[in-house]
Amino acid sequence: MTKSNLSNIKPLTGNRRSHSNRATKMTQKPNMQTKRIDGVKVTLAAKEWKTLKKAA
């Protein structure tokens with residue numbers, strides 16, 4: 001699983017519930033994107049990229 005270079009964003013884990021209330025494990029993965037910042041490849045979540053773009 002890829003991890004963000006700047007922060008500790010990791011996949012969320014939990015249970016998916018059916019109508020009969022059976023539980024099965026599931027993960028929600030972050031939306032990881034590879035971008036170049038000043039010529040360096042950085043792996044960021046889309047949410048982080050949006051924040052960086054907004055601050056600039």
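Nothing here was measured: the structure is a model prediction, and the numbers come from that model. (Residues numbered from 1 in each chain as written. Predicted model: local features only at pLDDT ≥ 70, side-chain atom pairs only at ≥ 80, totals over all residues. Heavy atoms only, no water.)

### Here's the deal with the overall build of the chain
The following threshold applies: Runs of E in the DSSP output that reach at least two residues are strands. Runs of H or I that reach at least four are helices, and both are numbered from the N terminus. Radius of gyration here is computed from C-alpha atoms only, and the compact-globule reference equals 2.2 Å multiplied by the residue count raised to the power 0.38. Accessible area is worked out with a 1.4 Å probe on protein chains only. A residue is then buried under 20% of its type maximum, exposed over 50%, and partly exposed in between. Whether two residues are in contact is decided by their heavy atoms, any of which lying within 4.5 Å being enough. For accessible areas, the Shrake-Rupley method is used with a probe of radius 1.4 Å. Any residue's cover is judged against the shown protein chains and nothing else.
Per the secondary structure count, the chain includes one helix and four strands. Reading the chain from its N terminus to its C terminus gives the helix and strand order β-β-β-β-α. What you see for the chain is a C-alpha radius of gyration of 16 Å, clearly larger than the 10 Å of a compact globule of 56 residues, by over 25%. Here the C-alpha coordinates of the chain stretch approximately 50 × 20 × 15 Å along the principal axes. Each of the 56 residues in the chain was classed as buried or not, and the buried ones make up 16%. Put simply, of all contacts in the chain between residues at least 6 apart along the chain, 27% involve residues at least 24 apart. Roughly 5,000 Å² of accessible area belongs to the chain as shown, and the carbon and sulfur atoms make up 50% of that amount.

### Looking at the pairing of strand β2 (residues 23–28)
This is how it is decided: Paired strands are those between which DSSP finds at least two bridges.
Here strand β1 (residues 12–17) runs beside β2; their pairing, made up of six bridges, is antiparallel. Looking at the pairing, Asn15 lines up with Lys25 of β2. In sequence, β1 turns back onto β2 through a hairpin of five residues, with Asn21 there showing a positive phi of about 70°.

### Section: unusual backbone geometry
The backbone of Asn21 sits at a positive phi, close to 70°, despite the residue not being glycine. Despite not being glycine, Asp38 shows a phi value in the positive range, around 55°. Looking at the secondary structure, you find Asp38 in the loop between β3 (32–37) and β4 (40–45).

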